[in-house]
Amino acid sequence: MMKRSNEPVFWSLFGAGGVVAAFLLPMLIFITGIALPLGILPPEALAYDRIHSFASGWPGKLFLLAVISLPLWQSAHRIFLSLHDLGIHRGREFCRWLCYGTALLGTLIPLILLIRI
Amino acid sequence: MSKRRPYVRPMDGWWLKNPYYVRYMSREATSLFVGVYALILLAGMVSLACGETAYNNWLMAMTNPVSIGFHLAALAAAIYHTITWFAVAPKVMPALFLAGKRVPDIAITTTQYAIAVVLYLGLFCMVWRV
Amino acid sequence: MTDIEKTIEIEVMRYHPEQDASPVFKTYRIPYASDQSVLQGLQYIKDYIDGTLSFRWSCRMAICGSCGVMINNQPKLSCKTFLRDYYPGKIRVEALQHLPIERDLVIDATDFINKLESIKPYIVPREARSLEQGEYLQTPEQLARYEQFSSCINCMLCYAACPQYGLKPEFTGPGVLALLHRYNADSRDGARADRMQIVNAEEGVWGCTLVGYCSEVCPKQVDPAAAVNRNKVNSTLDYFLRFLMPGGGESG
Ligand code: SF4
Ligand code: FES
């Protein structure tokens with residue numbers, strides 16, 4: 001008999017991350033990394049008070065957690081599988097922990113911070 | 001004695017041997033940009049929790065030309081991710097049936113683009129409206 | 001008709017297990033005609049130039065699935081691919097990628113056949129019916145849920161397109177998983193729980209990274225990538241639901 005894989009756990013997180021990345025990241029990258037620094041958006045748009053109060057409400061907390069954590073799971077999953085595609089097999093378990101461990105930390109840290117804000 | 005000696009071809013460099021595979025590997029490579037960007041957001045989140053000075057330093061760092069260059073590349077990668085993601089989504093979702101007929105892939109992909117445009121504009125307006 | 005004087009070059013992969021350490025290429029010049037298939041080109045070589053050339057074929061009409069080869073690096077049925085699509089360029093014919101080469105263009109299909117057998121590629125009736133009860137009825141929608149996946153002709157082009165199969169031959173692979181889905185998606189079938197054990201394994205759908213080339217090369221529009229990836233959703237539901245439902249999920 002074949003052994004059941006645990007991939008569904010990681011694949012679900014990957015899928016959720018891929019959806020968030022597709023539906024939000026292009027605009028988010030444009031806003032935080034391009035429009036704001038170049039002055040296309042006024043500096044008040046992401047000012048401390050505004051973002052802090054956004055992060056204090058539940059919708060804001062959920063949004064921030066989703067856009068930080070889920071794309072990390074998407075990215076970790078693809079990077080880990082790409083190592084196999086590239087024929088890199090050395091240190092496989094180490095790479096697994098590194099990839100998914102980063103994603104896990106990237107979930108726990110904002111989770112704790114957001115609860116305390 | 002059997003004279004059989006099946007020959008198995010090596011796989012080295014397979015991803016360069018077909019344009020389809022090159023596109024596949026590019027799609028996978030977008031995850032590097034997605035991951036780094038999420039880490040940058042994470043840094044912003046941490047600085048937000050640390051207080052106003054730290055947060056303003058993070059905003060300051062985002063105006064660095066290196067940062068802007070990275071974000072331009074990340075934007076291109078994210079758009080490529082979006083296009084490829086919407087293209088394969090109909091193959092992953094359970095088959096949709098309307099009035100006994102399967103909804104064509106193209107209809108699903110188009111709907112996703114429509115939703116994405118609404119979300120992009122919504123997000124931009126939300127941030128813009130100071 | 002000036003076709004008769006025209007010629008075209010075909011470069012063919014040759015491998016003789018008793019003489020060659022690895023495959024070599026030989027070039028042949030054959031008469032060109034716009035209505036000739038690549039298979040007919042190979043047959044011309046065998047009949048008039050080199051009788052030792054080995055390749056498989058049978059129906060010549062894209063139905064038996066035995067004539068698959070790589071043509072200019074793309075998996076194709078040689079009976080369904082025409083010289084005119086390449087003329088005046090050169091054509092390069094190789095044995096199907098990722099599969100062990102037995103000799104020349106003939107690959108070893110044992111692995112594929114074993115996997116095909118393992119998925120119970122037949123309907124296991126959900127409910128036994130006697131003759132008096134009549135036939136099993138299906139609505140057009142129930143038919144549409146599996147029909148495209150039943151068009152598979154076992155040509156293995158999708159295996160030649162799948163790098164994950166090349167990297168890890170234990171992977172069940174696109175064609176067999178598409179057939180597995182064909183039976184699981186059939187309202188008359190009752191063996192879904194057995195087949196889900198294959199789906200749920202690392203060697204099942206989880207060996208796939210959705211490269212998608214399999215669906216591109218399939219000569220029968222089976223869309224094996226869709227079959228495999230929809231079963232990732234099924235496998236995920238099966239994985240989590242077993243914790244919620246007493247007695248476990250569909251396959252425990
Ligand atoms: S799914 Fe398509 S490509 Fe694969 S074996 Fe069947 S007919 Fe051939
Ligand atoms: S000879 Fe039968 S499919 Fe080509």
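Residues numbered from 1 in each chain as written. Chains lettered and ligands numbered in written order. Predicted model: local features only at pLDDT ≥ 70, side-chain atom pairs only at ≥ 80, totals over all residues. Heavy atoms only, no water.

A.B. asks: Looking at this structure, how should I read the interface of chain C and chain A?
C.D. replies: You'll often see interface size given as the accessible area lost when the parts meet. Contacts between chain C and chain A engage 22 residues on the former and 14 residues on the latter. Here chain C and chain A share an interface that buries about 1600 Å² over both sides, 62% of which is from carbon and sulfur atoms. One can count 1 salt bridge joining chain C with chain A. Among the salt bridges present, the one from Arg-4 of chain A reaches Asp-238 of chain C, with a minimum N-O distance of 2.9 Å. In this assembly, chain C and chain A are joined by 5 residue pairs in polar contact (both at pLDDT 80 or more). For the side of chain C that touches chain A, the element with the highest residue contribution is helix α9 (residues 224–244) of chain C, accounting for 8 residues. (Contact = heavy atoms within 4.5 Å. Buried area = accessible area lost by both parts, 1.4 Å probe. Salt bridge = Lys/Arg side-chain N within 4 Å of Asp/Glu carboxyl O. Polar contact = N/O pair within 3.5 Å; in protein donor to acceptor, adjacent residues only side chain to side chain. Helix = DSSP H or I, 4+ residues; strand = E, 2+ residues; numbered from the N terminus.)

A.B. asks: Please explain the sheet that holds strand β2 (residues 24–31) of chain C as it appears in this structure.
C.D. replies: To summarise the sheet geometry, strands pair through backbone hydrogen bonds and adopt either a parallel or an antiparallel arrangement. Residue and element names in this part refer to chain C. The strand order β2-β1-β5-β3-β4 describes an open sheet built from 5 strands, whose pairing is mixed. With one partner strand each, in any of the chains shown, β2 and β4 (74–77) form the two edges of the open sheet. Averaged over all neighbouring strand pairs, the angle between strand axes comes to 35°, with direction disregarded. For strand β3 (residues 68–71) and strand β5 (residues 91–94), the ladder comprises 2 bridges, and the chain directions are antiparallel. Within β5, the position partnered with Met-70 by the bridge is Glu-94. (Pairing = 2+ DSSP bridges. Axes fitted to C-alpha atoms, helices over the stretch in contact; angles between N-to-C directions.)

A.B. asks: When you look at the pattern of salt bridges in this model, what are you seeing that I'm missing?
C.D. replies: Two side chains carrying opposite charge are able to pair once their charged atoms lie near each other. Enumeration according to the criterion identifies 22 salt bridges over all chains in this entry. Its salt-bridge partner being Arg-4 of chain B, residue Glu-102 of chain C comes within 2.8 Å of it at the nearest N-O pair. With Glu-102 of chain C in strand β6 (residues 101–103) and Arg-4 of chain B in the segment before α1 (19–50), the pair connects residues from two separate chains. Overall, the relative accessible area of 19% leaves Glu-102 of chain C in the buried class. One salt bridge connects Asp-186 of chain C with Arg-188 of chain C, and the closest N-O pair in it is separated by 2.7 Å. For Arg-188 of chain C, a relative accessible area of 22% corresponds to the partly exposed category. (Buried < 20%, exposed > 50% of the residue type's maximum accessible area, 1.4 Å probe, protein only.)

A.B. asks: Just checking my understanding: could you explain the site of ligand 1 for this structure?
C.D. replies: All residues adjacent to ligand 1 are Cys-152, Ile-153, Asn-154, Cys-155, Met-156, Leu-157, Cys-158, Cys-218, Pro-219, Val-222 and Pro-224 of chain C. Taken together, the residues of the shell around ligand 1 break down into 10 nonpolar, 1 polar and no charged. (Near = heavy atom within 4 Å. Nonpolar A, V, L, I, M, F, W, Y, C, P; charged D, E, K, R; others polar.)

A.B. asks: Whenever I open this one, the side chain of Ser-235 of chain C confuses me. Can you help?
C.D. replies: Assignment of secondary structure puts Ser-235 of chain C in helix α9. Accessibility expressed as a relative area gives 1% for Ser-235 of chain C, which makes it buried. Look past the residues within four positions of Ser-235 of chain C in its chain and what remains in contact with it is Arg-4 and Pro-8 of chain A together with Met-196, Val-199, Asn-200, Val-205 and Trp-206 of chain C.

A.B. asks: Explanation requested: the side chain of Asp-20 of chain C in the structure shown.
C.D. replies: Its place among the elements puts Asp-20 of chain C in the loop between β1 (7–14) and β2. The side chain of Asp-20 of chain C is buried and forms no salt bridge, while Arg-14 of chain C, the nearest opposite charge, is found at 7.0 Å. In this view, Asp-20 of chain C contacts Arg-5 of chain B together with Arg-14 and Tyr-15 of chain C; residues no more than four positions away in its chain are not counted. (Lys, Arg positive; Asp, Glu negative; His and termini not counted.)

Note that all results are geometric; they support no functional claim without further evidence.
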